[in-house]
Amino acid sequence: MAITNFLKPNEIKQGLILIEKYPKPINKNNVVNTNSALLQFYSGNDGSGRKILEYMNPERMLAILFMIINNTSEKDEVKAKASKMFKRILKE
């Protein structure tokens, strides 16, 4: 599906601006080796109940999520979850 199915035009513009600011691709390692695992990791909680997402720079996280949504080879379910997180962070 096209990115326009997941994000509004103003959200796409915001994502493109953040990609220019944070162009570095998504790093993966032995623990987090897929975009789905990356989303699951950042939506989890640490031992004290805080979202792991809260430790990340919000702009950098939005850029990573936009890269996932814009990835043409990614599954639509993963893109939908990334767009949901993108919208939640953008609203804050």
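The structure under discussion appears in the preceding block.
Because the structure is predicted, anything quoted here is derived from the model rather than measured.

Each value, and the rule that gives it
- Residues numbered from 1 in each chain as written.
- Predicted model: local features only at pLDDT ≥ 70, side-chain atom pairs only at ≥ 80, totals over all residues.
- Heavy atoms only, no water.
- Salt bridge = Lys/Arg side-chain N within 4 Å of Asp/Glu carboxyl O.
- Helix = DSSP H or I, 4+ residues; strand = E, 2+ residues; numbered from the N terminus.
- Buried < 20%, exposed > 50% of the residue type's maximum accessible area, 1.4 Å probe, protein only.
- Patch = residues over 30% accessible without salt bridge, like charges linked within 9 Å, V, L, I, M, F, W, Y side chains within 5 Å.
- Areas by Shrake-Rupley, 256 points an atom, 1.4 Å probe, with all protein chains shown as cover.
- Lys, Arg positive; Asp, Glu negative; His and termini not counted.
- Charge placed at Lys NZ, Arg CZ, Asp CG, Glu CD.
- Phe/Tyr/Trp six-rings, centres within 6.5 Å; stacked < 30°, edge-to-face > 60°.
- Expected span 1.5 Å × (residues − 1).
- Contact = heavy atoms within 4.5 Å.
- Core = buried A, V, L, I, M, F, W, Y, C linked by side-chain atoms within 4.5 Å.

Draft legend 1. Structural view of the pattern of salt bridges. As enumerated under the stated definition, the model contains two salt bridges in all. For Lys 21, the salt bridge is made with Glu 59, and the minimal N-O distance between the two is 2.6 Å. Within this pair, whereas Lys 21 is found in helix H1 (residues 9-21), its partner Glu 59 is found in helix H3 (residues 58-70), the two being separated by 38 residues in sequence. Taking the relative accessible area as the measure of exposure, Glu 59 reaches 31% and is therefore partly exposed. The partner of Glu 54 in a salt bridge is Arg 50, with the nearest N and O atoms 3.1 Å apart.

Draft legend 2. Highlighting a positive patch on the surface. Taken together, the side chains of Lys 51, Lys 81, Lys 84 and Arg 88 make up a positively charged region of the molecular surface. Among the structural elements, Lys 51 can be located in the loop between helix H2 (35-43) and H3. Given a relative accessible area of 30%, Lys 51 falls into the partly exposed group.

Draft legend 3. Region of interest: the packing of aromatic side chains. Under the definition given, this model contains two aromatic pairs. With a centroid separation of 5.2 Å and an interplanar angle of 75 degrees, the aromatic rings of Phe 41 and Tyr 42 are classed as edge-to-face. For Phe 41, a relative accessible area of 40% corresponds to the partly exposed category. When its relative accessible area of 14% is taken as the criterion, Tyr 42 is described as buried.

Draft legend 4. Region of the structure containing H1. Across its 13 residues, H1 extends 19 Å between first and last C-alpha, which sits within 8% of the 18 Å expected from 1.5 Å per residue. On the buried face of H1, the contacting elements are H3 and helix H4 (76-91).

Draft legend 5. Quick look at the nonpolar core. Residues Leu 7, Tyr 42, Met 61 and Leu 65 are the most contacted members of the largest nonpolar core, which totals 26 residues. Of all the secondary structure elements, the ones that give two or more residues to this core are H1, H2, H3 and H4. A per-element tally of this core places H3 first, with eight residues. Not counting residues up to four positions away in its chain, the partners in contact with Met 61 are Tyr 42, Leu 53, Met 56, Met 85 and Ile 89.

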